[in-house]
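Structure assessment
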Amino acid sequence: MYDDVLNIVLGVIATGVSAGLGWVARTALWRRGLRRKQTFFGLPGNAECLLVVNRDAGTDGAVRRFDVFALLELAALIKDCGAHARIVSHDSAQQGFGERTEFCVGGPGSNRRMEAHLRTLLPGLSVSTAPEPVEDRAMFTIGSERYRADPGVSEYVLLGRLTAGEGRRPVFLFCGQRAITNQAATRYLVRHHEKLARTYGADGSFVLLLKVVNSEAYGPDVVELVADVTRAARTAGETAAYVTSGTGGNLPI
């Protein structure tokens, strides 16, 4: 009888110890993953970051619906890192970069902050914002390659993580040919940030060209990686990197 009770007690103790060790191990893994995530996004606990939003030129200053969805996905990511976001309009974010992480959403036709980032940080890239010809509106030119949008069928978006300034906090760019492609890029980043951190390092810079496939049917969910265009986008060549002037903005939703 005594041996049976002793075995039961020892079994309970062993179970408790195993459960405790498992909890400690899971907690350690979770904390390590959180630290890696915070490092990649430049968002230590209680840090403040900027969400720079664009405006729909065809309205009284409203943010497009899919851009709102993109901001919501980014806000959830920022909250997971234990950080805080400050939302600012593209035409009022008059400050440098590097001191705080920045998430900049929208093409240069509707986001002046994005236009400034493209000119300064990506001199090998141009985005056409001229209204004519229509088939070239929002076209990307990267080096000698051109990428035109076929609305609802195949559209492109640039996802960038760039570091500059003294603080070295990253600037994330979501520069799409349509608002729905901006959301597709934010969703891609949320889903693949661990792989991107392994590929480019926690402090690495990159510019990825993504293609959104059949958004009319699939929304922002089907995204293909076309190429890593970091070197071409950051190197000014004979096809000068500039943003074509105009009032066209992004293609309509």
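Reading the values: rules and limits
- Residues numbered from 1 in each chain as written.
- Predicted model: local features only at pLDDT ≥ 70, side-chain atom pairs only at ≥ 80, totals over all residues.
- Heavy atoms only, no water.
- Core = buried A, V, L, I, M, F, W, Y, C linked by side-chain atoms within 4.5 Å.
- Buried < 20%, exposed > 50% of the residue type's maximum accessible area, 1.4 Å probe, protein only.
- Helix = DSSP H or I, 4+ residues; strand = E, 2+ residues; numbered from the N terminus.
- Contact = heavy atoms within 4.5 Å.
- Phe/Tyr/Trp six-rings, centres within 6.5 Å; stacked < 30°, edge-to-face > 60°.
- Lys NZ or Arg CZ within 6 Å of the ring centre and 35° of its normal.
- Pairing = 2+ DSSP bridges.
- Axes fitted to C-alpha atoms, helices over the stretch in contact; angles between N-to-C directions.
- Disulfide = S-S within 2.5 Å.
- Parallel < 35°, antiparallel > 145°, perpendicular 65-115°, else oblique.
- Left-handed = near helix turned anticlockwise from the far one by under 90°.
- pLDDT = per-residue confidence, 0-100.

Phe41, Leu43, Phe103, Phe174 and Leu189 are the most contacted members of the largest nonpolar core, which has 28 residues in total. Sorting the residues of this core by element identifies α1 (2-41), β1 (48-53), α2 (65-80), β3 (102-105), β7 (154-163), β8 (170-176), α4 (179-200) and β9 (206-213) as the ones contributing at least two each. Examining the composition of this core, we find that five residues originate from one element, α4, more than from any other. Discounting residues that sit within four places of it in the chain, phenylalanine 41 has contacts with Leu77, Cys81, Thr101, Phe103, Pro170, Phe172, Leu189 and His193. Membership of the second largest hydrophobic core comes to 25 residues, among which are Leu125, Tyr147, Ala164 and Val207.

Below, the discussion takes up the packing of aromatic side chains. A complete count under the given rule lists nine aromatic pairs for this structure. The interplanar angle of 40 degrees and the centroid separation of 5.4 Å between the aromatic rings of phenylalanine 41 and phenylalanine 172 together place this pair among those described as tilted. Of the two residues, phenylalanine 41 sits in helix α1 while phenylalanine 172 sits in strand β8, which places them 131 residues apart along the sequence. Of the two residues, phenylalanine 41 and phenylalanine 172, both sit in the buried class. Ring geometry for phenylalanine 103 versus phenylalanine 172: centroids 5.1 Å apart, planes at 10 degrees, classification stacked. Of the two residues, phenylalanine 103 is situated in strand β3 and phenylalanine 172 in strand β8; the sequence distance between them amounts to 69 residues. Judged by relative accessible area, which is 0%, phenylalanine 172 ranks as buried. Above the plane of the ring of phenylalanine 40 lies arginine 161, whose end atom (NZ or CZ) is 5.0 Å from the centre.

Burial of the side chains of strand β4 (residues 125-128) extends over both faces: Leu125 and Val127 are buried on one face and Ser126 and Ser128 on the other. Note that β4 and strand β5 (residues 140-142) share three bridges and pair antiparallel. Bridge assignment links serine 126 to a residue of β5, and that residue is threonine 141.

What follows covers the sheet that holds β8. Spatial strand order, β2-β1-β3-β8-β7-β9-β10: seven strands in an open sheet with mixed pairing. Only two strands of the sheet have a single partner each, and these edge strands are β2 (84-89) and β10 (223-228). Sheet twist, expressed as the mean angle between neighbouring strand axes with direction ignored, is 20 degrees.

Right, let's talk about the state of the cysteines for a bit. The final tally for this structure, using the stated rule, is zero disulfides. Considering cysteine sulfurs only, cysteine 49 is the nearest to cysteine 81, which forms no disulfide, with 8.8 Å between them. Here cysteine 104 stays free of any disulfide, with the sulfur of cysteine 175 as its closest cysteine sulfur at 8.6 Å.

A few words now on the packing of α2 against α4. The geometry of α2 relative to α4 is characterised by a closest axis approach of 7 Å and an angle of 15 degrees between their N-to-C directions. Between α2 and α4, the crossing angle belongs to the class labelled roughly parallel. The two elements α2 and α4 meet at a crossing, and its hand is left-handed. Side by side, α2 and α4 meet where Phe66, Asp67, Phe69, Ala70, Glu73, Leu74 and Leu77 of the first sit next to Ala179, Ile180, Asn182, Gln183, Thr186, Arg187 and Val190 of the second.

A separate point is the confidence of the model for the chain. Per-residue pLDDT for the chain averages 83, and the proportion of residues at 70 or more is 79%. By mean pLDDT, the top-scoring element of the chain is β9 (97), and the lowest-scoring one is strand β11 (residues 243-244) (46). The model gives residues 238-248 a pLDDT under 50, and that stretch makes 30 contacts with residues more than four places away or in other chains.

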